[in-house]
Amino acid sequence: MSDDSLSQLFEQVRQGSLSVEQAISQLQDQEQHKSAILPSANIDLDRSSRCGYPEVIFCEGKTSTALVEIFTLLLESKQRCLGTRISDEQAETVLKQFPQAIYNQTARTIRIPEKDAAFDEELIAGEIAVLTAGTSDRPVAEEAIETLIWMGYQPDFILDVGVAGPHRLHEQLPRIQNVSAIVVAAGMEGALPSVVGGWVSCPVIAVPTSVGYGASLGGIAALLGMLNSCAANVTVVNINAGFKAGFIAGLIADQKRATS
């Protein structure tokens, strides 16, 4: 229950329009369900306690007004916000309402810290690496990076180390051989995650991107190549799913930190 809702409840009790028993019943009901129904969405306020992190908002298909309503509710519930696949027009409206928001146009994400807290305070570095095969894969990789920052991690970003220039990855091996998880974004034939997997002992989360010519089939060729990887430590998310890859990498790092 948000601070405003709680204040209203206490005020009703003070004025006598609501009994103590009724107030307790409302609090218990809120505790049980922990969701809030808005005109545009049914917000899962309990996800953080169940899954470790709050609900993330997929912005495509939502109106700018709906996004403002959703982010307002999340912030009132003391949850830091992350929106993915946000357009320039949507972001402009959200930024007017929340000037502290951090908009990444390349990643098409927006992060809004709870109150005025900065997202980059005490970020955990050295746990996760994010690699791209080429610069065209950068938008997907940056979506993963923004997700990881929202989760409290500062990933090491290594750009443009695809298999066409194998020496480039070899030069970066010291940066990836002691991390908890690696995200690799690659289009074309999707070969880079397999090569990375052969050099490291941690999980490699492969993200096929829709980068390539006609036979790449919008990322399907890279997806199939990654699914058929010979490297046993490679797992695969959906095409262009930078958020999903970043989130899984963050959970892996969380689990490793919890057991170390």
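Residues numbered from 1 in each chain as written. Predicted model: local features only at pLDDT ≥ 70, side-chain atom pairs only at ≥ 80, totals over all residues. Heavy atoms only, no water.

The protein chain is annotated in an unreviewed UniProt entry as AIR carboxylase of Gimesia fumaroli.

Q: Give me the packing of aromatic side chains: which residues, what numbers.
A: For the structure shown, the criterion picks out 3 aromatic pairs. Considering the side-chain rings of Tyr53 and Trp150, the 5.6 Å spacing of their centres and the 40 degrees angle between planes classify their relative orientation as tilted. Linking Tyr53 in the loop between α3 (47-51) and β3 (57-58) with Trp150 in helix α6 (residues 138-151), this pair joins segments that are 97 residues apart in sequence. Of the residues examined, Tyr53 reaches a relative accessible area of 12% and is grouped as buried. Residue Trp150 is classed as buried on the basis of its relative accessible area of 2%. Where Phe243 meets Phe247, the ring centres are 5.8 Å apart and the plane angle is 40 degrees; that geometry is what we call tilted. Separated by 4 residues within a single helix, Phe243 and Phe247 lie in helix α10 (residues 242-259), roughly one turn from each other. We classify Phe243 as partly exposed; its relative accessible area is 21%. (Phe/Tyr/Trp six-rings, centres within 6.5 Å; stacked < 30°, edge-to-face > 60°. Helix = DSSP H or I, 4+ residues; strand = E, 2+ residues; numbered from the N terminus. Buried < 20%, exposed > 50% of the residue type's maximum accessible area, 1.4 Å probe, protein only.)

Q: Quick rundown of the pattern of salt bridges? Include the residues and the values.
A: If you walk through the whole model with that rule in mind, you get 13 salt bridges. When the shortest N-O distance is used, the salt bridge between Arg50 and Asp46 registers 3.7 Å. Taking the relative accessible area as the measure of exposure, Arg50 reaches 48% and is therefore partly exposed. In this structure, Arg85 and Glu143 form a salt bridge, with 3.0 Å as the shortest nitrogen-oxygen distance. A residue pair is termed long-range when its members are at least 10 positions apart, and Arg85 in the loop between β4 (81-84) and α5 (88-97) and Glu143 in helix α6 qualify at 58 residues. Among the charged side chains, a network of salt bridges with common partners joins Asp44, Asp46, Arg47, Arg50 and Glu55. (Salt bridge = Lys/Arg side-chain N within 4 Å of Asp/Glu carboxyl O.)

Q: Give a detailed account of the sheet that holds strand β8 (residues 153-158), specifying residues and quantitative values.
A: Sheet architecture is open: 5 strands sit in the order β8-β7-β9-β10-β11, paired in parallel fashion. Two strands bound the open sheet, and with one partner strand each, they are β8 and β11 (234-236). Between one strand and the next, the sheet's axes are offset by a mean angle of 30 degrees, whatever the strand orientation. Bridge count between strand β7 (residues 124-132) and β8: 5 bridges; the pairing is parallel. When the bridges of β8 are listed, Val130 appears paired with Phe157. Packed onto the sheet, helix α9 (residues 220-227) meets β9 (181-186), β10 (204-208) and β11 and runs at close to 155 degrees relative to β10. (Pairing = 2+ DSSP bridges. Axes fitted to C-alpha atoms, helices over the stretch in contact; angles between N-to-C directions. Contact = heavy atoms within 4.5 Å.)

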